[in-house]
Amino acid sequence: MDSRTSSESKQPPPLQQGRGRQDSVMALPGREGQELTCGSGAGKAIGVFTSGGDSQGMNSAVRAVVRMGFYLGCKVYYIREGYQGMVDGGDHIQEATWASSSGIMQLGGTVIGSARCADFRSRDGRLKAAENLVKCNITNLVVIGGDGSLTGANLFRIEWSSLLDELLKAERITPEHHRQCSHLNIVGMVGSIDNDFCGTDMTIGTDSALHRIIEAVDAIATTASSHQRAFVLEVMGRHCGYLGLVAALATEADWVFIPEWPPEGGWEDTLCNKLSAERALGQRLNIILVAEGAIDREGKSITADMVKNLITERLKYDTRITVLGHVQRGGKPTAFDRILGARMGAEAVLALMDATPDTPACVVSLDGNQTVRVPLMECVERTKAVQNAMDAKNFEEAVRLRGKSFQNNLATYRKLSKLRPPKGTCDSTGKHCVSGKKLAVMNIGAPACGANAAVRSFVRLALTQGYEVLGIHDSFDGLLYGDDDQKQRRVKSLSWTDVQSWTGRGGSLLGTKKIVASKYGMDKIAAKLKEYDISGLLIVGGFEAYHSALQMAEARDKFDAYCIPIVVIPCTISNNVPGTDFSLGADTALNEIADICDRIKQSATGTKRRLFVVETMGGYCGYLATMSGMAGGADAAYIYEEKFNITDLRNDVNHLKDKIINAGVQRGLVLRNENANANYSTDFVYNLFSEEGKGTFTCRKNVLGHMQQGGVPTPFDRNYGTKMASKALDYIIGKIEENTKEDGTMLSNSPDSAVLLGMTKRHLTFTPVQELRAETNFEQRLPKNQWWLKLRPLLRILAKHREVAYVTEGVACGVDEVEDEDNA
């Protein structure tokens, strides 16, 4: 995948399993050998503020800064109303308390306010800001905002010494203040729904904004189809087309206009011809997305009104405009943005603790699934370079500067949005393809959102390259017994239009079973693969999908039919498949759980002091319980992987009582994975907290069940499934071409021809399934190493537990390292 040195070599020692509650020392290893301990920040003061446009997830970041700061013994101050509050001082700079950061992470916007500030742009304004910070001994700032806010903070840091000299000379600060506050450290987090900042895969708020857009498009599609209308939707993105592009991928939009890639000359004719052809094929609606900064190749603006008028005048379609506007910025944050804000906020505080007077300002960013620290000004310069390229009409360069992920999003959309496969590759039924080879796709395991997006992507992209795709319905049942019912064949060629509108649908439209290959007989499956002349196989599914692929790979010495390229895309809400940090469907499930927990907690409004005990799915894997606990601000999450006993439960009861009595907390949330412990069941935990909490709080119990598997796929799962299938197809075709002999026969039996495609830290990797056997606990159906366990201490730190060890996860890297990755 990537020839650069793996980030694993930079990682701190692994966190010991279990909570380590008997250990009173709370080690927090810092960067480059520096060890941070609980209270090691005593005497330091941190200021946190939000600036520029608001975005969902900012409150989660603010909460994490406050609570990680408290954990380290720092004083933390809210700087209200952004730079304006810093300049005005007084009540705008307010010391944070634990209670003031409670109950805010599920709220949209920013509870500490944000404002544009002309005063800070002048040196006199920055002089006032420095004076106000020095009065509170604040020499560490966490800035949450866009590139303008971060650039202003860096200028402030550079001028800091001269500002203090000027204040001392004017006797506005004392010599003692001048000495104690001699340098200023800055760490930034990017809060922007546009995802327009180079140096990070995702900015805080982008995922939530995508949810708003997809919700709107899904809703509009039903009324558009009823009346055979075309809808033109304007989305935000004055300088960056990320929202429009990814929304177009996730909604199967017919056309998208973005500033980085204007349409070719004569686009009006091309658009009208495409829409007309789609209607001739029976399509009842058309969706066109227009980023607010869309332009043509000459740099002239393309507006929603222009597009609407074009369609109305030329095609006479009933066409409507919807401008989503600030709806995209509003609403509560998604689970992804809450967790992202929490991880980034904690890492920002640790970066400040590591900083020296010579440390340049950095931005805490996301690279794949790894938090990284990137030099702030490198990111700012790269972001400016994108705009400069667009101003110079060098659009290829602008797309390149956006990074590999943006490039692949664009390339994938352009392929999938075609009306039909390129002429000559295959016929309208999906048969008689130019390659003469057949691929197959099937689902194995429990249904999960995102599977249909992966199948659609695989089918359409395979057809564009001249490969016929057989859809195997109902897993191995369909493969073995698919010919029994001639009225409804369960193994059949899939055409371009067969998978129309699959991206946004939940469940498994191919049908699926939770039965591994060996249960049917490896000889029978091999015979059917040979009968259907299948040259490559994509399996989308959960642990059973991975296990079945492993069984096929291990049976190759007996059956040649398995000597074909086999790729598994993990797709399960449990996220329990080895070889990947994320599985398709898990993000949708997390959002369902977070939404339900929000409503459960809201139900207690007006009822004092209530605890909710919530059971999640996941088998023996505690991913859902842990991450939904992070997203929901849970007090505890009990899982199988981290052993606990009655003493731990009792301590958690006492800890919750202490928070309610002394910290003013009114509601508590405890999550339990369904198989966390055979004896300490959900009923047991509920009864224990109910009994021991008498007089302090009351309890309620909720078992969420299959609600977690339902719903429509999130933008993340739609986009992730689409791009993973694209990569899987390229890999399969590459292996077919590599192993096809001159006589046309193909034998692909090397270990790297039966693989699992997954994201591991900062890379998308194809890992041979036979290598993953050693990393798998087959009894509990778990990977032996799970990345998210390192976040367990952060969950407890943010819930005011102080008896845990936390290992910082961020690594230092340059902007080029982030932008060169394609992390789907």
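Up top you'll find the structure we're talking about.
None of these values were measured; they are calculated from a predicted model.

Peer 1: For this particular structure, what's the right way to read the pattern of salt bridges?
Peer 2: Pairing of side chains with opposite charge becomes possible as their charged atoms draw close. For the coordinates displayed, the defined rule picks out 35 salt bridges. A salt bridge links Asp269 to Arg314, with the shortest nitrogen-to-oxygen separation between them at 2.4 Å. Here the residue Asp269 occupies a position in helix α8 (residues 267-280), and Arg314 occupies one in helix α9 (residues 304-315), the gap between them amounting to 45 residues. Linking Asp477 and Lys513 is a salt bridge whose minimum nitrogen-to-oxygen distance equals 3.9 Å. Of the two residues, Asp477 sits in helix α15 (residues 475-481) while Lys513 sits in the loop between β16 (491-493) and α16 (522-531), which places them 36 residues apart along the sequence. Connected through salt bridges with shared partners, the residues Lys332, Arg338, Asp595, Asp598 and Arg599 form a single ionic network.

Peer 1: So what exactly am I meant to see when it comes to the sheet that holds strand β9 (residues 255-257) here?
Peer 2: Two orientations exist for strands paired in a sheet by backbone hydrogen bonds: parallel and antiparallel. Strand order in the open sheet formed by four strands is β9-β10-β8-β11, and the pairing between neighbours is parallel. With one partner strand each, in any of the chains shown, β9 and β11 (319-323) form the two edges of the open sheet. Averaged over all pairs of adjacent strands, the angle between strand axes in this sheet comes to 15°, irrespective of strand direction. With respect to the sheet, helix α7 (residues 242-251) is in contact with β8 (230-235), β9 and β10 (286-291), its orientation differing from that of β10 by roughly 165°.

Peer 1: What's the story with the nonpolar core in this structure? I'm lost.
Peer 2: Soluble globular proteins tend to bury their nonpolar side chains together. Met189, Ile539 and Tyr623 are the most contacted members of the largest nonpolar core, which has 198 residues in total. Formed by 39 residues, the second largest nonpolar core is a distinct cluster that contains Met86, Phe120, Leu184 and Cys379.

Peer 1: Sorry if this is basic, but what is going on with the side chain of Asn443 here?
Peer 2: Relative to the assigned elements, Asn443 resides in strand β14 (residues 438-444). Only 3.3 Å separates the side chain of Asn443 from the backbone oxygen of Val540, close enough to count as a polar contact. Dropping the residues within four chain positions of it, Asn443 is found in contact with Ala451, Val455, Ser475, Ser508, Leu510, Gly511, Thr512, Lys513 and Val540.

Peer 1: Whenever I open this one, the sheet that holds strand β21 (residues 667-673) confuses me. Can you help?
Peer 2: Strands sit in the order β20-β21-β19-β22 across an open sheet of four strands; the sheet is parallel. Of all strands in the sheet, those with a lone pairing partner are β20 (636-638) and β22 (698-703), marking the two edges. Recorded for the sheet is a direction-independent mean angle of 20° between the axes of neighbouring strands. Where strand β19 (residues 610-616) and β21 come together, seven bridges link them in parallel fashion. Each residue of the ladder has a partner; that of Arg610, found in β21, is Arg667. Here helix α21 (residues 682-692) sits on the sheet and contacts β19, β20, β21 and β22; the angle it forms with β22, its principal contact strand, is near 170°.

Criteria and cut-off values
- Here the residue numbering is sequential within each chain, running from 1 through the sequence in written order.
- Local features in this predicted model are restricted to residues of pLDDT 70 or higher, and side-chain atom pairs are both shown and tallied only at a pLDDT of 80 or more, whereas totals for entire chains, interfaces and linings draw on every residue.
- To obtain the side-chain values, all non-hydrogen atoms of the structure were used and water was disregarded.
- Salt bridge, as used here: a side-chain nitrogen of Lys or Arg that lies within 4 Å of a carboxyl oxygen of Asp or Glu.
- Only DSSP runs of H or I reaching four residues or more are called helices, and only runs of E reaching two or more are called strands; each is numbered from the N terminus.
- If DSSP finds at least two bridges between two strands, the strands pair.
- Helix axes are fitted to C-alpha atoms over the stretch in contact, other axes to C-alpha atoms as well, and angles between N-to-C directions run from 0 to 180 degrees.
- The contact criterion used throughout is that any non-hydrogen atoms of two residues lie within 4.5 Å.
- The criterion is simple. A nonpolar core is a set of buried Ala, Val, Leu, Ile, Met, Phe, Trp, Tyr and Cys residues joined through side-chain atoms within 4.5 Å.
- Exposed residues in this analysis have more than 50% of their type's maximum accessible area, buried residues have under 20%, and partly exposed residues fall in between, with area computed by a 1.4 Å probe over protein chains only.
- Whenever a nitrogen or oxygen atom comes within 3.5 Å of another N or O atom, the pair is scored as a polar contact, on the condition that within protein one atom can donate a hydrogen and the other can accept it, and that pairs from neighbouring residues in sequence are kept only if both atoms are in side chains.

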